[in-house]
Amino acid sequence: MKPSIDQTSFGSITIEGTIFEHDVIIRLNGLVEKRKKKLSKAVYGTSHIVSLAEAKHVYEKGTERLIIGAGQYGNVTLSDEAADYFKRKHCQVDLLPTPMAIRTWMIIGAGVIGSSIAYHLARQGRQVLVVERSEIAASPAASWASAGGVRRQGRHPAEAMLAIEAIERWRTLEQELEADLHYRQGGNLLLAESEGEADQLSEFVHRQHELGFIDVRLVDGKEARALVPGLNNQIVAGSFSPSDGQADPVATTHAFASAAQRYGATYRIGTAALGLLSHRERIVGARIEHGEVEAKHVVLAAGTWSDELAASVGLQLPIRTRALQMILSTPAQRNELQLVISAVRRVLSLKQLVNGAFLLGGGWLGDPTPDRRSYTMRPSSIQGNWATASELLPAVGEQRIARSWCGLEALSIDDIPLVGVIPGLDGLTLAVGFSGHGFALAPAVGRSVADQIDGRPTPELDGLCPNRVINFQLSESAQGDSTH
Ligand SMILES: Cc1cc2nc3c(=O)[nH]c(=O)nc-3n(C[C@H](O)[C@H](O)[C@H](O)COP(=O)(O)OP(=O)(O)OC[C@H]3O[C@@H](n4cnc5c(N)ncnc54)[C@H](O)[C@@H]3O)c2cc1C
């Protein structure tokens, strides 16, 4: 009597090996005995077809039944010759359904956004694979370059719910991720230097309250100077948001990545995704260096480079690359700037790090190199950024520039990110276009994307739905099978 092999027994087979190896799982005659042989060659592909030679390689005399499965992320079928061969040998072959692919959630990009999503998905108990071309938070990625401002005031209404949630999460994020994020909730102060600007701020504060940022308040020049000793005398008012703060972007990105890995996420560092794989109107994985990986769901979080991958399945993302500049000063002896300051009519964000160094940014530009792998600095931007900060806070001008750099960030067409699924194209979530303010939102973006993938309601993402700006008329490449 032939023993039967049910799906449950498939599940009990442990598939070992790396994602690039296609293993052959054999159960002779359905007995407990189990062996594993590698196919004769390493196979990099989602759809490996067992050749006649491979059929001969795995068959052994007297075998009545074989179970053949590809590696962790692969899929396997029999060639006609192999099928004939097994038939002649009276050997029944069961093809293992893509064992891991049907359970893999793939994230492209290990920046603060991709890693936060990885952490939240892994925490749900999912099998998460993160593919990162470079290193975690390495130049010129935005999460490496970022100013690390954790700001809620001044948010676009579409980001308000996420911003409120994020600010709450930041308070306990260090404990949650078990890492020092250098987080400090010192507040954020937006300054007015004339009566006209003070009137604008008054309306601004009113709008903040309407968005639910109820602790934001208008302060006069005197109070502003009390909050920031040494502030220039022309300041007449400020909008003070005490809940805002700052943190270290590189440390935070690493902390999310480590926490994701503690929950079982796999990180493949130094491995570029080369294109998305589609089948009919579904994204089914990605072509990566050395092979192809099938996945149940792909999250595209590759920062400003996401457009290249989206284009591989005919999606035109309305994002553009900007090289945003940062400057670090030599450390000042006194550390009096506890909050982050900016000004209504100036391009500036200014904070002081624990060692006393001032960190200047706010939107001054450098230039991305044509291949978008690096940038060049603009001397005029360095000079402008430094002069602006020194005017507002003369203590900055007493220091020297220690270092300057740029990070490449994706600015979306309407300056708010594209987060969520794309109607009509299953299996893909976008988390791109953070437009210079994604760092602060990262904890809430990760949580909400994971929840949306899990099928839970996520009204906080409604205003960021990619469909608002993209014409998702899928090109032919996305509607048919992609060429592997
Ligand atoms: C100078 C600067 C200052 C900023 N200041 C602030 C601030 O004060 N507050 C704030 O909230 N936000 C700020 N931001 C914005 C914030 O830092 C970004 O929105 C956020 O870091 C974006 O993270 P990300 O993970 O989407 O992108 P990134 O950090 O750019 O990560 C994308 C990752 O994808 C990888 N990748 C790309 N292509 C591929 C591929 N084909 N295959 C595999 N991997 C790939 C990259 O190597 C990279 O690691 C600032 C940004 C910059 C540049």
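Residues numbered from 1 in each chain as written. Predicted model: local features only at pLDDT ≥ 70, side-chain atom pairs only at ≥ 80, totals over all residues.

### Description of the overall build of the protein
Quick reminder of the rule: Strands here are runs of E lasting at least two residues and helices are runs of H or I lasting at least four, both read from the DSSP assignment and numbered beginning at the N terminus. Three classes are used. A residue is buried when 20 or more other C-beta atoms lie within 10 Å of its own, exposed when 12 or fewer do, and partly exposed in between, with C-beta atoms placed from the backbone. A pair of residues counts as a contact when their C-beta atoms, built from backbone coordinates, are separated by no more than 7 Å.
Helix and strand content of the protein: 14 helices and 27 strands. Among the 484 residues that make up the protein, the fraction classed as buried is 51%. Here the analysis covers contacts within the protein between residues at least 6 apart in sequence; of these, 73% occur between residues at least 24 apart.

### Re the site of the ligand
As a reminder of what qualifies: To decide nearness, the C-beta atom of each residue is placed from the backbone, and the residue is near a molecule or strand if that atom lies within 6 Å of it. Ten residues, namely Ala, Val, Leu, Ile, Met, Phe, Trp, Tyr, Cys and Pro, are considered nonpolar, four, namely Asp, Glu, Lys and Arg, are considered charged, and the remaining ones, Gly among them, are considered polar. Each domain's extent was defined by an automatic or database domain assignment.
In the neighbourhood of the ligand, 39 residues make up the surrounding shell, with G109, G111, G149, G303 and G438 lying closest. Breaking the shell around the ligand down by element, the ones donating at least two residues are α4 (112–123), β8 (127–132), α5 (142–145), β19 (319–331) and β25 (401–412). Looking at the shell around the ligand residue by residue, the class counts come to 21 nonpolar, 15 polar and three charged. Inspection of the shell around the ligand shows a minimum of three residues originating in each of domain 2 (102–139 + 250–314 + 422–479) and domain 4 (319–337 + 346–412).

### Focus: the packing of helix α6 (residues 160–177) against helix α13 (residues 442–453)
Quick note on the threshold: Axes here refer to lines fitted to C-alpha atoms; in helices the fit is confined to the stretch in contact. Angles between the N-to-C directions go from 0 to 180 degrees. With respect to orientation, any angle under 35 degrees is reported as roughly parallel, any angle over 145 as roughly antiparallel, any angle of 65 to 115 as roughly perpendicular, and every other angle as oblique.
Running from amino to carboxyl end, α6 crosses α13 at an angle of 110°, the nearest separation of the two axes being 7 Å. Of the possible angle classes, the one that applies to α6 and α13 is roughly perpendicular. Residues L162, E165, A166, R169, W170 and L173 of α6 form the contact with α13, whose participating residues are P443, A444, V445 and S448. Here the residues of the contact of α6 with α13 are counted per class, giving seven nonpolar, one polar and two charged.

### Thoughts on the packing of α4 against helix α9 (residues 249–262)
Between two packed helices, what matters for the description is the angle formed by their axes and the separation of those axes. As a reminder of what qualifies: In this scheme the crossing of two helices becomes right-handed for a clockwise turn of the near helix relative to the far one and left-handed for an anticlockwise turn of less than a right angle.
Across the interface, α4 lies against α9 with an axial gap of 8 Å and an inter-helix angle of 25°. Considered as vectors, α4 and α9 are oriented roughly parallel to each other. Crossing of α4 against α9: the hand is left-handed. Contacts between α4 and α9 involve V112, S115, S116, A118, Y119 and A122 from the first element and P249, T252, T253, F256, A257, A259 and A260 from the second.

### Focus: the environment of A410
Within the secondary structure, A410 sits in strand β25. Sequence separation of A410 and D307 is 103 residues, and the distance between their C-alpha atoms is 9.3 Å. Look past the residues within four positions of A410 in its chain and what remains in contact with it is G303, T304, S306, I319, T321, V432, G433 and F434.

### So, the pairing of strand β7 (residues 104–108)
We apply this condition: Two strands qualify as a pair provided that DSSP identifies no fewer than 2 bridges between them. We call a crossover right-handed when, viewed with the strands running away from us, the connection from the first strand over the helix to the second turns clockwise.
Buried residues dominate β7, accounting for five of its five residues. Neither face of β7 is exposed, since T104, M106 and I108 on one face and W105 and I107 on the opposite face are all buried. Taken together, the five bridges between β7 and β8 define a ladder with parallel strand orientation. Residue pairing for β8: I107 is matched across the bridge by V130. A crossover links β7 with its parallel partner β8, the connecting element being α4, and its sense is right-handed. Judged from the four bridges that link them, β7 and strand β18 (residues 297–300) form a sheet pairing that is parallel. If you follow M106 over to β18, its bridge partner there is V298.

### Description of helix α3 (residues 80–88)
We apply this condition: Along the arc lie the directions from the helix axis toward the C-beta atoms.
If you check which residues of α3 are buried, you get A82, Y85 and F86. Down the axis of α3, the buried side of the element spans an arc of 95°, and every buried residue falls inside it. Along α3, exposed side chains directed more than 90 degrees from the buried face belong to D80, K87 and R88.

### Some details on the nonpolar core
Spelled out, the test is: For our purposes the nonpolar core covers buried Ala, Val, Leu, Ile, Met, Phe, Trp, Tyr and Cys residues that link as a set through C-beta atoms within 7 Å.
In terms of nonpolar packing, the biggest core is built from 124 residues, with I108, L300 and A431 touching the most fellow members. The dominant element in this core, judged by the number of residues it contributes, is α6, at eight residues. Not counting chain neighbours up to four residues away, the residues in contact with I108 comprise V131, A273, A286, V298, V299, L300, A301, A302 and L309. Formed by eight residues, the second largest nonpolar core is a distinct cluster that contains L66, A82, Y85 and F86.

### Points about the confidence of the model for the protein
Just so we agree on the cut-off: pLDDT measures the predictor's confidence residue by residue and takes values from 0 up to 100.
Per-chain confidence: the protein averages 85 in pLDDT, with 83% of residues scoring 70 or above. In the model, residues 1–46 has pLDDT below 50 throughout and makes 88 contacts with residues more than four positions away in sequence or in other chains. Segment residues 472–484 is flagged for pLDDT under 50; beyond a separation of four residues in sequence, or across chains, it makes 30 contacts in the model.

### Regarding unusual backbone geometry
For the peptide bond that leads from S139 to P140, omega is 5°, which places it in the cis range. Inspection of the secondary structure puts P140 in the loop between β8 and α5. Positive phi, close to 50°, is recorded for A137, a residue that is not glycine. Among the structural elements, A137 can be located in the loop between β8 and α5. Of note in this structure, H182 is not a glycine but carries a positive phi near 55°. Examined against the element boundaries, H182 turns out to sit in the loop between α6 and β10 (188–192).

### Notes on α6
Count 3.6 residues to each turn of an α-helix, and residues three or four apart come out pointing the same way. Our working rule: For a helix, the expected span equals 1.5 Å multiplied by the residue count minus one.
An ideal rise of 1.5 Å per residue puts 26 Å on 18 residues; α6 measures up with 24 Å between its terminal C-alpha atoms. Buried within α6 are the following residues: M161, L162, A163, A166, I167, W170, L173 and L177. Contact partners of the buried residues in α6: β9 (149–150), β13 (245–246), α9 and α13. Just past α6, the residue E178 takes up positive phi, approximately 55°.

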